[in-house]
Amino acid sequence: LQKLGQTLNKHFGEGTVTRGALLLVKDSAARIDIIDGVRWRSDFEGIKALGDENTIPLMMYVHADSKKRFERARKRKQYAGEEYLSWEEFLKQDNAPNEAFVPELGGKADFKIDNNKDDPELKKFKAQLEIFCEKFLL
């Protein structure tokens with residue numbers, strides 16, 4: 001997936017994936033649209049540019065440290081072979097061009113959630129989500 005975004009940007013110009021996603025949002029009749037995986041400055045800027053008298057674009061940054069994300073990836077097995085992922089390979093993926101701007105963009109987010117907690121502490125994570133919903137969606 002990382003290479004797909006990089007290849008599209010290379011062949012069709014920076015922000016290609018962003019423009020496609022934003023077209024879907026603009027055509028949506030939904031009350032709330034969620035775009036997951038904001039990775040590029042063009043994503044962030046494009047989403048913020050959607051704002052008008054009827055639309056309030058909000059950015060939420062859910063973050064966890066590298067070790068925690070590595071452990072979860074191996075347990076989750078979302079992608080083929082992920083349970084065999086080495087720390088070195090994880091770091092290589094984590095430092096790919098697609099990931100370069102994530103901390104910067106996260107710092108600009110309207111709301112930040114710490115996702116470093118383990119299952120017993122999941123209630124704290126849910127509480128943070130409830131605060132977000134009360135503040136921005138109700």
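Quick notes on the rules
Residues numbered from 1 in each chain as written. Predicted model: local features only at pLDDT ≥ 70, side-chain atom pairs only at ≥ 80, totals over all residues. Heavy atoms only, no water. Helix = DSSP H or I, 4+ residues; strand = E, 2+ residues; numbered from the N terminus. Buried < 20%, exposed > 50% of the residue type's maximum accessible area, 1.4 Å probe, protein only. Lys, Arg positive; Asp, Glu negative; His and termini not counted. Charge placed at Lys NZ, Arg CZ, Asp CG, Glu CD. Salt bridge = Lys/Arg side-chain N within 4 Å of Asp/Glu carboxyl O. Phe/Tyr/Trp six-rings, centres within 6.5 Å; stacked < 30°, edge-to-face > 60°. Polar contact = N/O pair within 3.5 Å; in protein donor to acceptor, adjacent residues only side chain to side chain.

Trainee: What am I meant to see in the overall build of the protein chain here?
Mentor: In terms of helices and strands, the protein chain carries seven helices and two strands. Seen along its three principal axes, the alpha-carbon backbone of the protein chain occupies a region of about 45 × 45 × 25 Å. By residue count, 26% of the 138 residues in the protein chain fall in the buried class. Considering the protein chain, the positive charge centre built from 24 side chains and the negative charge centre built from 24 side chains are found 3 Å apart.

Trainee: Could you clarify how one ought to interpret the pattern of salt bridges in this entry?
Mentor: Pairing between side chains of opposite charge can happen when their charged atoms approach one another. A full pass over the atoms with the stated rule returns six salt bridges. The closest approach of N and O atoms between Asp110 and Lys48, which form a salt bridge, is 2.7 Å. One end of the pair, Asp110, is in the loop between helix 6 (102–107) and strand 2 (111–114); the other, Lys48, is in helix 3 (residues 41–48), and 62 residues separate them in sequence. Residues Lys108 and Glu104 are paired through a salt bridge, measuring 3.7 Å at the closest nitrogen-oxygen approach. Residue class for Lys108 comes out partly exposed when judged on its relative accessible area of 45%.

Trainee: What is the right way to look at the packing of aromatic side chains in this model?
Mentor: Both the distance between ring centres and the angle between the ring planes are used here to describe each pair of aromatic rings. Scanning all chains against the criterion turns up five aromatic pairs. When the ring of Trp87 is compared with that of Phe90, the centres are 5.8 Å apart and the planes differ by 15 degrees; the resulting orientation is stacked. In this pair, Trp87 and Phe90 both sit in helix 5 (residues 87–94), three residues apart, roughly one turn of the helix. Residue class for Trp87 comes out partly exposed when judged on its relative accessible area of 23%. Owing to a relative accessible area of 7%, Phe90 belongs among the buried residues under this scheme. Here a set of aromatic residues connected by ring pairs shows up, and it is made of Phe70, Trp87 and Phe90.

Trainee: Can you walk me through the environment of Gln78 in this structure?
Mentor: Mapping Gln78 onto the fold places it in the loop between helix 4 (66–76) and helix 5. A distance of 3.1 Å separates polar atoms of two side chains, one belonging to Gln78 and the other to Arg76.

Trainee: Help me out: how do you make sense of the environment of Ile131 in this one?
Mentor: With respect to the helices and strands, the residue Ile131 is situated in helix 7 (residues 122–136). Between the C-alpha atoms of Ile131 and Phe111, which are 20 residues apart in sequence, the distance is 9.7 Å.

Distances and angles like these do not, on their own, reveal function.
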